[in-house]
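Coordinate inspection notes
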Amino acid sequence: MRPVDDTGAAKRLESGLPLVDIPPPGSRQESAATEVAETPGPAEKKAPCPGLGLFYTLLSAFLFSVGSLFVKKVQDIHAVEISAFRCVFQMLIIIPCLIYRKTGFIGPKGQRIFLLLRGVLGSSAMILLYYAYQSTSLADATVISFSCPVFTSIIACIFLKEKYSPWDAVFTAFTITGVILIVRPPFLFGSEVVETDKDYSVHLKGAFAALVHAVFAAVTLVILRKIGTSVDYMLSIWYYVVAGLTECIVALSILGEWSLPHCGLDRLFLILIGLFGLGGQMFLAKAIQIEKAGLVALMKTMDVVFAFIFQIIFFHDVPSWWTVGGSLCVVASSIGAAVRKWYQSSK
């Protein structure tokens, strides 16, 4: 599960996301699920060669996962400050784009409140995901972040009156089961879980942050659905980075966690977090242009595979059987929902 990166929304991809269809704009998270949900995607084109779109998706998942690895590696800098650096990096790119596209910096009068909410909730989701990466394992945080589509379908059903089918309920049950297996709450698994895991309290905080990230990302997607195509996706990203940077500055001032990155790897990691996040978004956008949304959504589950691999190789942390079982439940839910929507769209 990786930081709701929020860089535009792809209408084609949304239709392949588990449980709910969401259209364009967006910008965080850097979480796997959120990244899929909020990457801009133009109209579908014919692939220059078979499988190229899937290769782009695989490369995108790899870049997002590497970015998450760097977030995990930068342990001496608070997650909020890492988010601030990313917002600054994106702002330097977005400002020239807005000037070139002549979209302005405020947006339509009737949509400003939704843009502001999208910015605040999207950036909050990114911060929470980064905190989850630092507090718990890469695999656990990544898998839990994949529960975002479940919350999206429920919230969309409540506020947008979208259809919630029995199949959606089945996929929701699978996802919730997976999250429970990963979190392993003591009231279900007994107090021995806490006694055998000295870092369980930290793991619980990280898992909870990833879960709240998924909820915030889901609300963000519903807001984007409400906005629709009436606002340029670059403007949506602008609100995201401005709200995110403001939120980070206020939070860091209250927490007193300001600190300069150490010379060497920490500064390099901060730069690479932004670069790999941007690269992941670009390749995902290219994949959306030339490949069916359902196939892209299926390939995005490779985020979880990469998270497991990186966790074992770089942190020498072999996931428990609980985590493996929970991951299978969440991934099965995502794959099932994507296949179902792909089948429906191909009729």
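Residues numbered from 1 in each chain as written. Predicted model: local features only at pLDDT ≥ 70, side-chain atom pairs only at ≥ 80, totals over all residues. Heavy atoms only, no water.

Each helix and strand in the protein was counted, giving 16 helices and zero strands. The 347 residues of the protein split such that 56% are buried. Accessible area of the protein: about 14900 Å², with a carbon and sulfur share of 71%. (Helix = DSSP H or I, 4+ residues; strand = E, 2+ residues; numbered from the N terminus. Buried < 20%, exposed > 50% of the residue type's maximum accessible area, 1.4 Å probe, protein only. Areas by Shrake-Rupley, 256 points an atom, 1.4 Å probe, with all protein chains shown as cover.)

The topology assignment puts Ile77 in the loop between α3 (52–73) and α4 (79–101). For Ile77, a relative accessible area of 1% corresponds to the buried category. Distance from Ile77 to Leu260, taken between C-alpha atoms, is 8.1 Å for residues 183 residues apart in sequence. What Ile77 contacts, discounting residues up to four positions off in sequence, is Ile82, Gln134, Pro261, Asp266 and Leu270. (Contact = heavy atoms within 4.5 Å.)

A few words now on the confidence of the model for the protein. Taken as a whole, the protein shows an average pLDDT of 78; of its residues, 79% reach a score of 70 or greater. Low pLDDT, under 50, characterises residues 1–44; the predicted model gives this stretch 251 contacts beyond four residues in sequence or across chains. (pLDDT = per-residue confidence, 0-100.)

Further remarks concern a nonpolar patch on the surface. Side chains of Val305, Ile309, Ile312, Ile313, Phe314 and Val318 sit close together on the surface and give an oily, nonpolar patch of about 500 Å² of accessible area. Along the chain, Val305 falls in helix α15 (residues 302–315). Its relative accessible area of 36% is what places Val305 among the partly exposed residues. (Patch = residues over 30% accessible without salt bridge, like charges linked within 9 Å, V, L, I, M, F, W, Y side chains within 5 Å. Salt bridge = Lys/Arg side-chain N within 4 Å of Asp/Glu carboxyl O.)

Remark: helix α5 (residues 112–135) packs on helix α12 (residues 233–255), axes separated minimally by 7 Å, with the N-to-C direction vectors making an angle of 55°. One way to sum up the angle between α5 and α12 is to call them oblique. At the point where α5 passes α12, the crossing takes the right-handed sense. Contact with α5, carried on its side by Arg112, Leu115, Leu116, Arg118, Gly119, Val120, Gly122, Ser123, Ser124, Met126 and Ile127, involves Leu235, Ser236, Tyr239, Tyr240, Ala243, Gly244, Glu247 and Cys248 of α12 and no other residues of that element. A breakdown of the residues in the contact of α5 with α12 according to their chemical character gives ten nonpolar, six polar and three charged. (Axes fitted to C-alpha atoms, helices over the stretch in contact; angles between N-to-C directions. Parallel < 35°, antiparallel > 145°, perpendicular 65-115°, else oblique. Left-handed = near helix turned anticlockwise from the far one by under 90°. Nonpolar A, V, L, I, M, F, W, Y, C, P; charged D, E, K, R; others polar.)

This part covers the nonpolar core. Side chains of a nonpolar character, in soluble globular proteins, are inclined to be buried together. In this structure, Ile82, Tyr130, Tyr133, Trp238 and Ile273 are the most contacted members of the largest nonpolar core, which totals 59 residues. With ten residues, the single largest contributor to this core is α12. Of all hydrophobic cores here, the second largest spans nine residues; its members include Ile155, Ala217, Leu221 and Val222. (Core = buried A, V, L, I, M, F, W, Y, C linked by side-chain atoms within 4.5 Å.)

Tallied over the full model, the rule gives ten aromatic pairs. With 5.6 Å between their ring centres and 70° between their planes, Phe70 and Phe276 make a pair best called edge-to-face. Here Phe70 is found in helix α3, whereas its partner Phe276 is found in helix α13 (residues 265–290), with 206 residues between them in sequence. Here the basic side chain of Lys72 rests over the ring of Phe315, its NZ or CZ set 6.0 Å away from the ring centre. Against the face of Phe315 rests Lys73, its NZ or CZ located 5.1 Å from the ring centre. (Phe/Tyr/Trp six-rings, centres within 6.5 Å; stacked < 30°, edge-to-face > 60°. Lys NZ or Arg CZ within 6 Å of the ring centre and 35° of its normal.)

What follows is about the environment of Phe171. With respect to the secondary-structure elements, Phe171 resides in helix α8 (residues 166–183). According to the relative accessible area criterion, Phe171 is buried, its value standing at 8%. The spatial distance from the C-alpha of Phe171 to the C-alpha of Ser147 is 10.0 Å, given a sequence separation of 24 residues.

With that settled, the discussion passes to the side chain of Ser137. Residue position: Ser137 is located in the loop between α5 and α6 (138–145). Residue Ser137 is classed as buried on the basis of its relative accessible area of 13%. What Ser137 contacts, discounting residues up to four positions off in sequence, is Lys72, Gln311 and Asp317.

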